[in-house]
Amino acid sequence: MGGFFGITSKHEAVLDVYFGTDYHSHLGTKTGGLAAYDEELGLQRVIHNIENSPFRTKFGGITNSMKGKAAIGPSDASVTLTRSRCCSIQSAAPMPS
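Right, let's walk through the structure included here. Nothing here was measured: the structure is a model prediction, and the numbers come from that model.

## Here's the deal with the overall build of the protein
Consideration 1: Regarding its fold elements, the protein presents three helices and six strands.
Consideration 2: Secondary structure elements in the protein, listed N-terminal to C-terminal, are β-α-β-β-α-α-β-β-β.
Consideration 3: Here the protein, with 97 residues, has 35% of them falling under the buried criterion.
Consideration 4: Per element, the accessible surface of the protein, about 6400 Å² overall, is 54% carbon and sulfur.

## Examining the pattern of salt bridges
Consideration 1: Scanning the model with the defined rule gives one salt bridge in all.
Consideration 2: Between D22 and R56 there is a salt bridge, with its nearest N and O atoms 2.5 Å apart. Placement of D22 in helix α1 (residues 14-24) and of R56 in helix α2 (residues 55-59) is noted, with a sequence separation of 34 residues between them.
Consideration 3: Under the relative-accessibility criterion, D22 is labelled buried at 15%.

## Details of the side chain of T21
Consideration 1: Looking at the secondary structure, you find T21 in helix α1.
Consideration 2: Only 3.3 Å separates the side chain of T21 from the backbone oxygen of G73, close enough to count as a polar contact.
Consideration 3: Leave out the neighbours within four places in its chain, and T21 touches F5, G33, L34, F55, G73 and P74.

## Some remarks on the packing of aromatic side chains
Consideration 1: Taken as a whole and judged by the stated rule, the model has three aromatic pairs.
Consideration 2: A ring pair is formed by Y18 and F19, whose centres lie 5.0 Å apart and whose planes are at 75 degrees; its orientation type is edge-to-face.
Consideration 3: On the basis of relative accessibility, which here comes to 39%, the residue F19 falls in the partly exposed class.
Consideration 4: In this structure an aromatic cluster arises from ring pairing among Y18, F19, F55 and F59.

## Details of the nonpolar core
Where a protein is soluble and globular, its nonpolar side chains tend to be buried together.
Consideration 1: Core analysis: the largest hydrophobic core is formed by twelve residues, namely A13, V14, V17, Y18, L34, A36, I50, F55, F59, I62, M66 and A71.
Consideration 2: Mapped by element, the contributors of at least two residues to this core are α1, β2 (31-38) and α2.
Consideration 3: For this core, the element with the most residues is α1, which contributes three residues.

## A short note on the environment of A70
Consideration 1: Note on placement: A70 falls in strand β4 (residues 70-75).
Consideration 2: Between the C-alpha atoms of A70 and A35, which are 35 residues apart in sequence, the distance is 8.5 Å.
Consideration 3: If we ignore the near neighbours within four places in the chain, the residues touching A70 are I7, T8, A13, A35, A36 and Y37.

## A few points about the pairing of strand β3 (residues 42-49)
Two faces, one strand: in a regular strand the side chains alternate between the faces of the sheet.
Consideration 1: Here eight bridges tie β2 to β3, and the two strands are oriented antiparallel to one another. For G33, the partnering residue across the bridge sits in β3 and is I47.
Consideration 2: In sequence, β2 turns back onto β3 through a hairpin of three residues.

Cut-off values and rules
Chains are numbered independently. Their residues run from 1 in the order of the written sequence. Only residues with pLDDT of at least 70 are given local features in this predicted model, and only at 80 or more are side-chain atom pairs given and counted; all residues enter the totals for whole chains, interfaces and linings. As a convention, hydrogens and water are excluded, and side-chain values are obtained from all of the structure's heavy atoms. The helix and strand labels rest on DSSP assignments: H or I over at least four residues marks a helix, E over at least two residues marks a strand, and numbering proceeds from the N terminus. Burial here depends on accessible area, computed with a 1.4 Å probe over protein chains only, as a share of the maximum for the residue type. Under 20% is buried, over 50% is exposed, and the range in between is partly exposed. Surface accessibility follows the Shrake-Rupley procedure with a 1.4 Å probe radius. Residue values consider only the protein chains on display as shielding. Put simply, a salt bridge is a Lys or Arg side-chain nitrogen that is within 4 Å of an Asp or Glu carboxyl oxygen. Whenever a nitrogen or oxygen atom comes within 3.5 Å of another N or O atom, the pair is scored as a polar contact, on the condition that within protein one atom can donate a hydrogen and the other can accept it, and that pairs from neighbouring residues in sequence are kept only if both atoms are in side chains. The criterion used for residue contact is that any of the two residues' heavy atoms lie within 4.5 Å. Any two of the Phe, Tyr and Trp rings considered here, Trp counted by its six-membered ring, make a pair once their centres fall within 6.5 Å; the pair's planes then place it as stacked at under 30 degrees, edge-to-face at over 60, or tilted in between. Definition of nonpolar core: a set of buried residues of the types Ala, Val, Leu, Ile, Met, Phe, Trp, Tyr and Cys, connected through side-chain atoms within 4.5 Å. By this definition, two strands are paired if DSSP reports at least two bridges between them.

Here it is in structure tokens:
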């Protein structure tokens, strides 16, 4: 079963989302990802297959390169980017089996 963990904050959110997504992923999870938005860098996103390895193994160094005050970490989900006049929204929906 997939889901996502996300945060919007006045402070950096990537590390918290990294640990929250890692906590919610489990053996048998097929995909995992992290996406963050920073005003200077824009949208950053990474998705990996984690079916045969833990989340931390695939995403260990991501907290050094990704930054943002809004972040989301989907597991077993496809990431969708929606843009509107006011903002961009990152959301997740379950992937078909």
